Amino acid sequence: MYEFEEPTRGNMTQMTSLHEERLDFVARTLQRTGAKTVLDLGCGSGSLLYRLAAFPEFEHIVGLEQSGLSIRQARLNLEPWLALAPERIRLVRGSYAESNSELAGFDAAAMVETIEHVYPGELSRVELAVFGEYRPRVLFMTTPNREYNPLFDLEPGEFREEDHKFEWDRTKFRRWALGVADRNGYRVEFGGIGDFHQELGHPTQTALFSRRA
């Protein structure tokens, strides 16, 4: 069991700044796909959904979240948008490791800093549900780059959040994503978000999956 120290104020500021940059980057990326229907898998308290709602081209937006507390917080955060157009945004409680036919057929989906909260033994269930059943036309995924953690003053083996079940380095993330893409008929492009380090890469690594057919 790892022991976690209280984060320093500097680390908290870095993390918060990166989180805001990441959400803006994801929203712009989804906009560029030309999607009209968007699915946020693991939407948490609705920070990305709030940004997506500001783009009028997104006609239907759904957030999926397992935590009832987070769903309630998302509903509060999205209250202005829900009051304006209640049919446009919907919150669903559930897990993206489970079958749900209502989540199939979206133009685009996002998985922002959520895959690392899944136990490694459950990743195959996530793949079957998200890429096998939901099958969005494109899916944009972000996850921490473990190699960058020393720049956040983290010790070897220490995760960015206590609830993380793993954090991938760039090689492992690419290997997993390429396997998922190959098995499910997707292409995948890799990138990053945040300040780039010549040897360690970006703090956030990304994968844009595009369905072949």
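Treat the numbers as computed from the prediction; the structure is a model and nothing was measured.

Asker: Outline the pattern of salt bridges, listing residues and values.
Answerer: This model, assessed by the stated rule, comprises nine salt bridges. Two residues, Glu 122 and Arg 125, come together in a salt bridge whose shortest N-O distance is 2.7 Å. Residue classification places Glu 122 among the partly exposed residues on the basis of a relative accessible area of 29%. Accessibility expressed as a relative area gives 39% for Arg 125, which makes it partly exposed. Here Lys 165 makes a salt bridge to Asp 163, at a shortest N to O gap of 3.0 Å. Overall, Asp 163 belongs to the partly exposed group, its relative accessible area being 44%. Here the salt bridges share partners, and the residues they tie into one network are Glu 20, Asp 24 and Arg 51.

Asker: Can you lay out the nonpolar core for me, pointing to particular residues and giving the numbers?
Answerer: A general feature of soluble globular proteins is that nonpolar side chains tend to end up buried together. One finds Leu 41 and Phe 209 to be the most contacted residues of the largest nonpolar core, which totals 32 residues. Breaking this core down by element, the ones donating at least two residues are strand 1 (37-41), strand 2 (60-65), strand 4 (108-112), helix 5 (123-134), strand 5 (138-144), helix 6 (170-184), strand 6 (186-193) and strand 7 (204-211).

Asker: Provide a residue-level description of helix 6, including the pertinent values.
Answerer: For helix 6, with 15 residues, the first-to-last C-alpha span of 21 Å sits near the 21 Å given by 1.5 Å per residue. Listed as buried for helix 6 are Phe 173, Trp 176, Ala 177, Gly 179, Val 180, Ala 181 and Asn 184. Along its buried surface, helix 6 packs onto helix 5, strand 5, strand 6 and strand 7. Sitting at the amino-terminal end of helix 6 is Asp 169, which places a side-chain oxygen 3.2 Å from the backbone nitrogen of Thr 171. One or two steps after helix 6, the chain reaches Gly 185, where phi turns positive at roughly 80°.

Asker: Tell me what's going on with the packing of aromatic side chains, and back it up with residues and numbers.
Answerer: Throughout the structure, instances matching the rule amount to ten aromatic pairs. With a centroid separation of 6.1 Å and 25° between ring planes, the pair formed by Phe 25 and Phe 140 is classed as stacked. Placement of Phe 25 in helix 1 (residues 9-32) and of Phe 140 in strand 5 is noted, with a sequence separation of 115 residues between them. Classification of Phe 25 by relative accessible area gives partly exposed; the value is 26%. Connected via pairs of aromatic rings, a cluster forms that spans Phe 166, Trp 168, Phe 173, Trp 176 and Phe 190.

Asker: Break down the sheet that holds strand 7 for me, with residues and values.
Answerer: A sheet is described by the order of its strands in space; here seven strands give the open sequence 3-2-1-4-5-7-6, paired in mixed fashion. Either end of the sheet is taken by a strand with one partner, and the two such strands are strand 3 (89-93) and strand 6. Neighbouring strand axes in the sheet, compared pairwise and without regard to direction, differ in orientation by 15° on average. Judged from the eight bridges that link them, strand 6 and strand 7 form a sheet pairing that is antiparallel. The residue bridging Phe 190 from the neighbouring strand is Ala 207, located in strand 7. Along the sheet, helix 5 makes contact with strand 1, strand 4, strand 5, strand 6 and strand 7, crossing strand 1 at roughly 175°.

Asker: Tell me about the pairing of strand 1, and name the residues and values.
Answerer: Most of strand 1 is tucked away: four of the five residues are buried. Of the strand pairs in this sheet, strand 1 and strand 2 are connected by five bridges, and their pairing is parallel. Residue pairing across strands places Thr 37 opposite His 60, the latter belonging to strand 2. In this fold, the crossover linking strand 1 to strand 2 by way of helix 2 (residues 47-53) has right-handed handedness. One ladder, built from three bridges, connects strand 1 with strand 4; its direction is parallel. Within strand 4, the residue paired with Val 38 across the bridge is Ala 108.

Asker: Now, about unusual backbone geometry: what can you tell me, with residues and values included?
Answerer: Positive phi values are uncommon outside glycine, yet Glu 113 reaches one of about 50°. Mapping Glu 113 onto the fold places it in the loop between strand 4 and helix 5. In this structure Glu 113 comes out as buried when scored by relative accessible area, which is 16%. Backbone geometry places Asp 153, a non-glycine residue, at a positive phi of 60°. Residue position: Asp 153 is located in the loop between strand 5 and helix 6.

Calculation notes
Residues numbered from 1 in each chain as written. Predicted model: local features only at pLDDT ≥ 70, side-chain atom pairs only at ≥ 80, totals over all residues. Heavy atoms only, no water. Salt bridge = Lys/Arg side-chain N within 4 Å of Asp/Glu carboxyl O. Buried < 20%, exposed > 50% of the residue type's maximum accessible area, 1.4 Å probe, protein only. Core = buried A, V, L, I, M, F, W, Y, C linked by side-chain atoms within 4.5 Å. Helix = DSSP H or I, 4+ residues; strand = E, 2+ residues; numbered from the N terminus. Expected span 1.5 Å × (residues − 1). Contact = heavy atoms within 4.5 Å. Polar contact = N/O pair within 3.5 Å; in protein donor to acceptor, adjacent residues only side chain to side chain. Phe/Tyr/Trp six-rings, centres within 6.5 Å; stacked < 30°, edge-to-face > 60°. Pairing = 2+ DSSP bridges. Axes fitted to C-alpha atoms, helices over the stretch in contact; angles between N-to-C directions. Right-handed = clockwise from strand over helix to strand, strands pointing away.

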